[in-house]
Each structure stands twice: as C-alpha cells, then as structure tokens.
Amino acid sequence: MKATTNAFQMAQQQFDQVAEQLKLDQQVSDYLRWPMREFSFRIPVKMDGGDIKIFNGFRVQHNDAIGPCKGGIRFHPSETIDTVRALATWMTWKCAVADIPLGGGKGGVIVDPATLTNTEKENLCRGYMQKVWRNIGPRRDVPAPDVGTTPQMMGWMMDEYSKLSGEYTPGVITGKPVGGGGSLGRTEATGLGVIYTIREAMKRLKIDPSKTTASIQGFGNVAQYAAIGFTNVLKGKVMAVSYWDRDDRTSYTISHPKGIDAVYLQSITNQYGAIDKEKAKSTGYEIEEGTGWISKDVDVLIPAAIEGQINAETVEMISDKVKIIAEGANGPTTLEADEQLKKRGVFMVPDFLCNAGGVTVSYFESVQNDMNYYWSKEEVLQKLDEKMTNAFRSVYDMYEKERVFMRDAAYMVAISRVVKAMQLRGWI
Ligand code: GLU
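Overview of the structure. (Residues numbered from 1 in each chain as written. Predicted model: local features only at pLDDT ≥ 70, side-chain atom pairs only at ≥ 80, totals over all residues. Heavy atoms only, no water.)

Quick notes on the sheet that holds strand β1 (residues 37–46)
Reasoning step 1: With respect to topology, five strands assemble into an open sheet ordered β1-β2-β4-β3-β5, the strand pairing being mixed. Here the strands that pair on one side only, and so sit at the sheet edges, are β1 and β5 (141–145). Strand-to-strand, the axes of this sheet are offset by a mean angle of 25°, without reference to chain direction.
Reasoning step 2: Here six bridges tie strand β2 (residues 52–63) to strand β4 (residues 104–110), and the two strands are oriented antiparallel to one another. Bridge pairing links V60 to K106 in β4. (Pairing = 2+ DSSP bridges. Helix = DSSP H or I, 4+ residues; strand = E, 2+ residues; numbered from the N terminus. Axes fitted to C-alpha atoms, helices over the stretch in contact; angles between N-to-C directions.)

Spelled out as structure tokens, the structure:
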C-alpha cells in the first residue's frame, strides 16, 4: 500500500480494507467512499480596519442514511477540502458506532482564529452561516464545534440561522453555550467519553486504572477533560501533556514528576489550548521543546490534537511500556503506524469510537432543543456513559469474534449499520 499523509485518502484506504473483508457490493462501497454532497464557498468578512478579507469555507455531507448529517466546523490554517471530506466520512462511522440516529458531515474554514479579533470572529461565523444556511437545518445537517471553534461561535451561528430562517431554531447547531440552548455536560463530553472507553478497555485487559499513567498530545477541549477524567474518574496519573505555541511556532511538552494537575493547568491555558509556560515553570513543571509526549514511559497514550500525528516516523518513538492508545483526536494514526502498532500488540481504541462522546452529547442537546426541556448534568453524563459503554461493547464483541484490529472491528460495526439503513430505505 502506498503511504499517504492525505487524510481523505487515509479514510478511504481504511474503509477499502474493511469493505473488502465485508465483501461489500462494489457500487455500495463506491458510494460510501465518497461524500454524497459537498459545498465550497467564499466568505467576505469585514475586518476591524474597515477592509474586506475573503475566507474559503467548506461543508461536506458524507452520508445521511441513518439520520441528518452531523459534525463540527473547524477553523484551521491548513484546512483543505480533503481534510473536511475525511472528517465528514469519519463522522458517519462515529454516529453509527455510537448508535445515534445521525449521519456524517463536517465543515471548515481556512483560518487561524487566533489572528482574528472578537468582532472579526463573529463576522466570519455569521458569514459562514449566510453561505450554508439553505443547505443545513435540524432535519438536514447539524454543525457543532471542533478545533478552533467555540460554544460562543455556535451561539452566533445559531442566531444568524434563526434570523435568516425567521424562526428561533436552536436545533440547527449543537455545542452552543449553556443558557443559549446548549446542554450541560457538552464541554466535558468528548474528553470524558475518551475516559469511559479507556475504563472499558482496561476492564477487558485486566488492568487496574488506578495504577496507570498517561501522556496526552494537546491541551485543547478534548485533552483537558481527558486529563481531568484520567485523574478523577480512573484515579490514574497524567505524566505529560503537550501543546502548540503559535507565537514560537513550536510544540512543547509539559510534565511533572508526580503527575500533572490538569485543573491547575487548565486555569493557566488560553482558549486555543496554549499553556502559560512561565507560570507552569514557576510551579514545578518541566517544559521541553518538541513532541516528547509520544516517547514517555506510560501505559496509555492519548493523541488529542489533529490528524496524522502518529505516523511512520513517530511510531518508532513510542515506549514498549504503552499498552493502550486512545484516540481523542480524529485520524491521529496513519495506516503505516497502525501496521507497526498491530505487530507490537498495542490495544487501539480507535478515534470514531474513542471520541464519540462529543457528538453523543450533541445529539442529547438537539433532543433537548426539540423538547424545549433541559436535563441535569448528572442525567446527561449518565446517559453518555451508557452510550459509550454500549458502543465499546459492540466493537469489542466484533473484535473478539472476527479477531481483527480494533479499528477494523469499529469499521465493521459502523459500515454494517449504515449499509443496513441504506437497505431499509431502499437505496440499495
Ligand atoms: N467535532 C466533534 C467530533 O469530531 C463533535 C461533532 C458534533 O458534536 O457534532 O466528533
């Protein structure tokens, strides 16, 4: 197989391998390896200086056999149509594995949001909505936050959609702020979901979580709550986290010999996941330049940043002590790295199972929006745990039955569910 760093080719190759094993009909797999619909548009934004800047935006709808398309909008400087296609495809598999009645979609804008002022961000969010509002909606396609976007941005987008459509429509987007149509527990959901799947993996592998250590890539929303959950729920220790410093254009790994205090580090982190190095240093943290997080002698690695981070090169740096990789990010491991990890017998909790907690609570958010009745945080998190535990069980059962890599088992569960919905609707 040819090595690829293109996320969409990676998503297609992962799919192709399993489609072959499942002996999927050629026409069906040709349909599923491509998104069903794509939008690419230009967004003019009025900047604070009075000039107009044009941004490139995308929305890709991969599949809606099980329900309306669902998936975040990323604001990232290296976004392309192919990264959005890959992420939309993974959303289809994610919703299917999580067993929520939604399909897959994703959006993106080529932008570094840290370069925008608050007003410019608001103008960009409203501009994005003006371009896509006719093609999305609670029964069509429901966006949400992702890398570079925040609950506040979702609030602006919901407001713009409501204005354009002439009706208050909270269900058009999820991940909204609490008090503005959002659900309690949504902020923590992805990171906590990661933790619930690690807990289930450890049960099967007969590992006592309280005796384990972890190292995490990233310190954005997913990484922060995964770190907090690793300590509070599993009672383990997080030895290191990393982050990308956009001013220095450098990655840093921050560690503490006794384990990090994730709540403290969160308090000295900005909205883009950048930690205040000086404060961390003055409170006993060690700071190293580079991607040291990956080579720590820990039991669990949690890549929770962006795609392609565990690849042919970096996989060699992973310590023999690592037993579990739990993919908080979407697509963090390339196919070549997967082959190495298979050989080494590392237990993989694949992305679209591991990080399905976010979209699961997004689904709960849209259910609450429809009812116009809101649940307590305890209720949301208990329902989340149930969904994640069931999703893990379905994939693990397939893994035991078919004796395949966990990622392939997750694909088998997801593809079978989507294909069944397509059959039931008479598409195939
Ligand atoms: N962006 C998140 C993901 O990749 C959440 C999607 C959603 O809530 O719709 O799963």
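This is not the end of the story, as more comes after the structure.
Looking at the pairing of β1
Reasoning step 1: In the sheet, β1 pairs with β2 via ten bridges, with the strands oriented antiparallel. Opposite R42, over in β2, you have N56 as the bridge partner.
Reasoning step 2: What sits between β1 and β2 in their antiparallel hairpin is a turn of five residues, with G50 showing a positive phi close to 100°.

Re the site of the ligand
Reasoning step 1: Looking at the ligand, there are 14 residues lining it, with K70, K94, P145, D146 and S362 nearest.
Reasoning step 2: Between the ligand and the protein, one listed contact pairs an oxygen atom with a side-chain N or O atom of R186 at 3.0 Å.
Reasoning step 3: For the ligand, whose accessible area on its own is 290 Å², the fraction buried by protein is 94%.
Reasoning step 4: Elements represented by at least two residues in the shell around the ligand include exactly β3 (69–76), α3 (81–98), β5 and α12 (357–371).
Reasoning step 5: Looking at the shell around the ligand, its residues break down into four nonpolar, five polar and five charged. (Near = heavy atom within 4 Å. Polar contact = N/O pair within 3.5 Å; in protein donor to acceptor, adjacent residues only side chain to side chain. Areas by Shrake-Rupley, 256 points an atom, 1.4 Å probe, with all protein chains shown as cover. Nonpolar A, V, L, I, M, F, W, Y, C, P; charged D, E, K, R; others polar.)

Looking at the pattern of salt bridges
Reasoning step 1: For the structure shown, the criterion picks out 33 salt bridges.
Reasoning step 2: Residues D247 and R246 are paired through a salt bridge, measuring 3.7 Å at the closest nitrogen-oxygen approach.
Reasoning step 3: Residue classification places R246 among the partly exposed positions, given a relative accessible area of 31%.
Reasoning step 4: When the shortest N-O distance is used, the salt bridge between D299 and K321 registers 3.7 Å. Linking D299 in the loop between β9 (286–289) and β10 (300–303) with K321 in the loop between β10 and β11 (324–326), this pair joins segments that are 22 residues apart in sequence.
Reasoning step 5: Given a relative accessible area of 8%, D299 falls into the buried group.
Reasoning step 6: Judged by its relative accessible area of 37%, K321 falls in the partly exposed class.
Reasoning step 7: By sharing partners, the salt bridges in this structure join E122, R126, D159, E160 and K163 into a single network. (Salt bridge = Lys/Arg side-chain N within 4 Å of Asp/Glu carboxyl O. Buried < 20%, exposed > 50% of the residue type's maximum accessible area, 1.4 Å probe, protein only.)

Side note on the nonpolar core
Reasoning step 1: With 90 residues, the main nonpolar core has W90, W93 and I198 as its most contacted residues.
Reasoning step 2: With twelve residues, helix α14 (residues 406–424) is the single largest residue contributor to this core.
Reasoning step 3: If we ignore the near neighbours within four places in the chain, the residues touching I198 are F230, L234, V300, I302 and A326.
Reasoning step 4: By size, the runner-up hydrophobic cluster in this structure holds 26 residues, among which are I73, V111, Y128 and V132. (Core = buried A, V, L, I, M, F, W, Y, C linked by side-chain atoms within 4.5 Å. Contact = heavy atoms within 4.5 Å.)

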